[in-house]
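Listed here are the chains, written in short residue letters.
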Amino acid sequence: MKKYFFLFIFTFSILNSCTSEKTTTYYLIRHAEKDRSDITNRNPNLNFDGEKRAQNWSNFFKEISLDAVYSTKYNRTIQTATPTSQDKKIEIQFYNPNNLYDSVFKENTKGKVVLIVGHSNTTPAFANAILEENKYNDIDDKDNASLFIISVKGNKKTGKIEKVN
């Protein structure tokens, strides 16, 4: 009888571990307000309001346990991600905005909670790539407060947008 009991427990444990997939959660934001004083500058820094918003993002994520922080290699996205990455003691990792959600990124982030800082066009495109549908349009140029939250568990994918001021 003991033999069958242990066999049952062992089988149940194996089956349970196969079916209990972890949820992957992606938080995607656009960079904070940038300095627009030189329209020829293709890589501007954040302006004063942007620096405040970057700190507000860090405050927002204070109670959220992040495993990774990703950014493009532009000043404004790095500066937006920096307060959160410093607060979490997580090094910023970089992604190529021309190669969103490839198999390597998907595997490296599976089962994790991830912040991704992008741009008005790459943030919704990244969310769409994860969801495998064209759900979101580009972000308005004056919108630096949208937070895309995408969850993936197995084949189930959900997405929503919240405004965070």
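Everything quoted here is computed from the prediction, not taken from an experiment.

Structural notes on the overall build of the protein
Summing up its helical and strand segments, the protein has five helices and six strands in all. Tracing the protein from N to C terminus, the helices and strands come up as α-β-α-β-α-β-α-β-α-β-β. Per-residue burial for the protein yields a buried fraction of 42% across its 165 residues. Considering only contacts within the protein whose residues lie at least 6 apart along the sequence, 64% involve residues at least 24 apart. Accessible surface computed for the protein: about 10,300 Å², of which carbon and sulfur atoms make up 50%.

Some details on the pattern of salt bridges
Across all of its chains, the model carries seven salt bridges by this definition. Arg30 serves as the salt-bridge partner of Asp141, at 3.0 Å between the closest nitrogen and oxygen. With Asp141 in the loop between α5 (122-131) and β5 (146-153) and Arg30 in strand β1 (residues 24-30), the pair connects residues that are 111 residues apart, well separated along the chain. Among the residues examined, Arg30 registers a relative accessible area of 2% and is labelled buried.

Re helix α3 (residues 75-88)
Over its 14 residues, α3 runs 20 Å from end to end, which matches the ideal 20 Å to within 8%, given 1.5 Å per residue. Remark: the principal bend of α3, roughly 35 degrees, maps to Thr82, with a proline, Pro83, within the next four residues. For α3, every residue scored as buried is listed here: Arg76, Thr77, Thr80, Ala81, Pro83, Thr84, Ser85 and Lys88. Next to the buried residues of α3 lie β1, α2 (48-60), β2 (68-71), β3 (92-94) and β4 (113-118). Just downstream of α3 lies Lys89, where phi reads positive at about 60 degrees.

Re the sheet that holds β2
The strands making up a sheet associate through hydrogen bonds between their backbones, and the pairing can be parallel or antiparallel. The sheet built from six strands is open, its strands ordered β3-β2-β4-β1-β5-β6 with mixed pairing. Unpaired on one side and paired on the other, β3 and β6 (156-163) mark the two borders of the sheet. In this sheet, neighbouring strand axes are inclined to one another by 25 degrees on average, regardless of whether the strands run parallel or antiparallel. In the sheet, β1 pairs with β4 via six bridges, with the strands oriented parallel.

So, the environment of Asp38
Looking at where Asp38 falls in the secondary structure, it is placed in the loop between β1 and α2. In terms of polar contacts, Asp38 uses its side chain to reach the side chain of Thr40, at 2.5 Å.

Reading guide: rules and limits
Residues numbered from 1 in each chain as written. Predicted model: local features only at pLDDT ≥ 70, side-chain atom pairs only at ≥ 80, totals over all residues. Heavy atoms only, no water. Helix = DSSP H or I, 4+ residues; strand = E, 2+ residues; numbered from the N terminus. Buried < 20%, exposed > 50% of the residue type's maximum accessible area, 1.4 Å probe, protein only. Contact = heavy atoms within 4.5 Å. Areas by Shrake-Rupley, 256 points an atom, 1.4 Å probe, with all protein chains shown as cover. Salt bridge = Lys/Arg side-chain N within 4 Å of Asp/Glu carboxyl O. Expected span 1.5 Å × (residues − 1). Bend = angle between axes of the 7 residues up to and from the residue. Pairing = 2+ DSSP bridges. Axes fitted to C-alpha atoms, helices over the stretch in contact; angles between N-to-C directions. Polar contact = N/O pair within 3.5 Å; in protein donor to acceptor, adjacent residues only side chain to side chain.

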